[in-house]
Every structure is written in C-alpha cells, then in structure tokens.
Amino acid sequence: MTIKCRLGVDEFDSDNYFSIFMAAMHEAGCLDWVIHARIALLEGLSTKENREVPPLQYSRVWKLKELFPYARITINGGIDTAELVATQLQKVDGVMLGRWAITFPWDMRMLQEQYFSDNQSLLTRDELIEKYLAFLHKHHDDRDFAFSYKIRHLSALFSGESHARRWRSMIANSQNIEDVVVA
Ligand SMILES: Cc1cc2nc3c(=O)[nH]c(=O)nc-3n(C[C@H](O)[C@H](O)[C@H](O)COP(=O)(O)O)c2cc1C
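Residues numbered from 1 in each chain as written. Predicted model: local features only at pLDDT ≥ 70, side-chain atom pairs only at ≥ 80, totals over all residues. Heavy atoms only, no water.

Here the focus is the pairing of strand β2 (residues 32-40). With eight of nine residues buried, β2 lies mostly within the body of the structure. Pairing of strand β1 (residues 2-9) with β2 involves seven bridges; the strand directions are parallel. Along β2, the bridge assignment pairs Val9 with Ala40. In this view, the connection linking β1 to its parallel neighbour β2 by way of helix α1 (residues 15-27) has right-handed handedness. Relative to strand β3 (residues 72-76), β2 runs parallel, the two being bridged by five bridges. Note on β3: the bridge partner recorded for Ile35 is Ile75. (Buried < 20%, exposed > 50% of the residue type's maximum accessible area, 1.4 Å probe, protein only. Helix = DSSP H or I, 4+ residues; strand = E, 2+ residues; numbered from the N terminus. Pairing = 2+ DSSP bridges. Right-handed = clockwise from strand over helix to strand, strands pointing away.)

One way to put it is that α1 packs onto helix α3 (residues 58-67) with a least axis distance of 11 Å and a crossing angle of 45 degrees. Between α1 and α3, the crossing angle belongs to the class labelled oblique. Where α1 crosses over α3, the handedness of that crossing is right-handed. Every residue of α3 that contacts α1 at Asp15, Phe18, Ser19 and Met22 is listed here: Arg60, Lys63, Leu64 and Leu67. A class-by-class count of the residues in the contact of α1 with α3 yields four nonpolar, one polar and three charged. (Axes fitted to C-alpha atoms, helices over the stretch in contact; angles between N-to-C directions. Parallel < 35°, antiparallel > 145°, perpendicular 65-115°, else oblique. Left-handed = near helix turned anticlockwise from the far one by under 90°. Contact = heavy atoms within 4.5 Å. Nonpolar A, V, L, I, M, F, W, Y, C, P; charged D, E, K, R; others polar.)

Looking now at the sheet that holds β1. Hydrogen bonds along the backbone pair up the strands of a sheet, which may run parallel or antiparallel. The strand order across the open sheet formed by four strands is β1-β2-β3-β4, and the pairing between neighbours is parallel. Two strands lie at the open edges of the sheet, namely β1 and β4 (94-96), each paired on one side alone. Pairs of neighbouring strands in the sheet enclose a mean axial angle of 30 degrees, with direction left out of account. Packed on one face of the sheet, α1 meets β1, β2 and β3 and runs near 160 degrees to β1.

Purely geometric stuff here, so don't read any function into it on its own.
Here it is, written out as structure tokens:
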C-alpha cells in the first residue's frame, strides 16, 4: 500500500500531527509514501488553486525522512527541472512528477536516460509516435475516454519547441485516429 497525501489539511498542518499519522500508518504496515509538499486549504480555494497557492514546504518532507528513515518517501509538488530532481534525490527516496510530465512529456526521456540504466529501451520520437498511434488504434473503440483525451499526451510531445503550436493544432484538428495516422 502506498499513501499519497499532502502535509496537512487546513488547521491540521503541524509536523507533530503528520508524524503521529505516519507512525500509525507504519504500525498498520504502510512504508511507502508520496507526499505533496503543501497543505490543502479546503475553505475558499479551488482544486486548481490548491495546486499552486499553498506554499511548497520541501524541508518539512525532508525532516519526515529524517524522523522515519525506514519509510520510503517520494516527494511531489512543483518539481519541474532535472536540477530540482537531483536536489530532491539527495534528501528523499523518490520524486513524483505531475504537471511537468503532462506538459513536457518529452523531458521524461532525458530523466529516463539519466536515472535508469536500461537505455536500450529509449525510443526516438518517431518510434514513440508510432507506438502511440498503435495504442490509439488498439483503443479506438474504447468509449470511456473522449478522443481529445486520448491524444492529449501526443499533442504535448513537442511542447517548448518552435513547431509545437503547429503540431498541437494539427492533432487537435484531426477528427479521428485515421486523420492522425495520415498526418
Ligand atoms: C489534472 C490533474 C489531476 C490530478 N488528479 C489527482 C488525483 O486524482 N489524485 C491525486 O492524488 N492527485 C491528483 N493530482 C495532483 C497531482 O498528483 C500532484 O500531487 C500535483 O499536481 C502536484 O504535483 P506537480 O506539481 O508535479 O504537478 C492531479 C493533478 C492534476 C494537474
């Protein structure tokens, strides 16, 4: 079991409160944590605002790792450069990336190259697009997800590069999988 949580909620945001929670969860057999290094403010902030407004408090997560060295702690929140990843990995066991991975998926290849030795499996961008299209073909009839949702990550593949907008609009203007394949 892995627990994914924040450092606190509203007034329940002290290190002491979180430590009691961790100790109780450890007692129940949970050693794996993903901690979003902010509290949540449920009164007055939207879900989106709650991802940005409460300040990041990385040092509180680092302190928890010191207090509970046997716990496997993955830190999350606002990590969007290779430098930040490297800094965090000196303090905790892992890093979880949310919006960076969604917005700049191709950057994940650089991290794969840097942190995982099995680089045989690194794909070129063309190979990746081919695989993605094969995935889309496979899930062509899957009505649980809208087409726009299925192509979301493909559409972000060139984010930050000069032709990113052209690529995005080409993908967005395709009405179905056949269009994407032809494009
Ligand atoms: C579109 C979107 C949906 C999310 N849905 C969930 C969710 O269902 N459960 C969850 O624990 N966190 C969810 N999160 C929060 C992320 O897991 C993560 O904690 C947060 O985005 C902070 O990390 P980041 O700064 O790397 O994005 C979501 C985030 C985004 C952007």
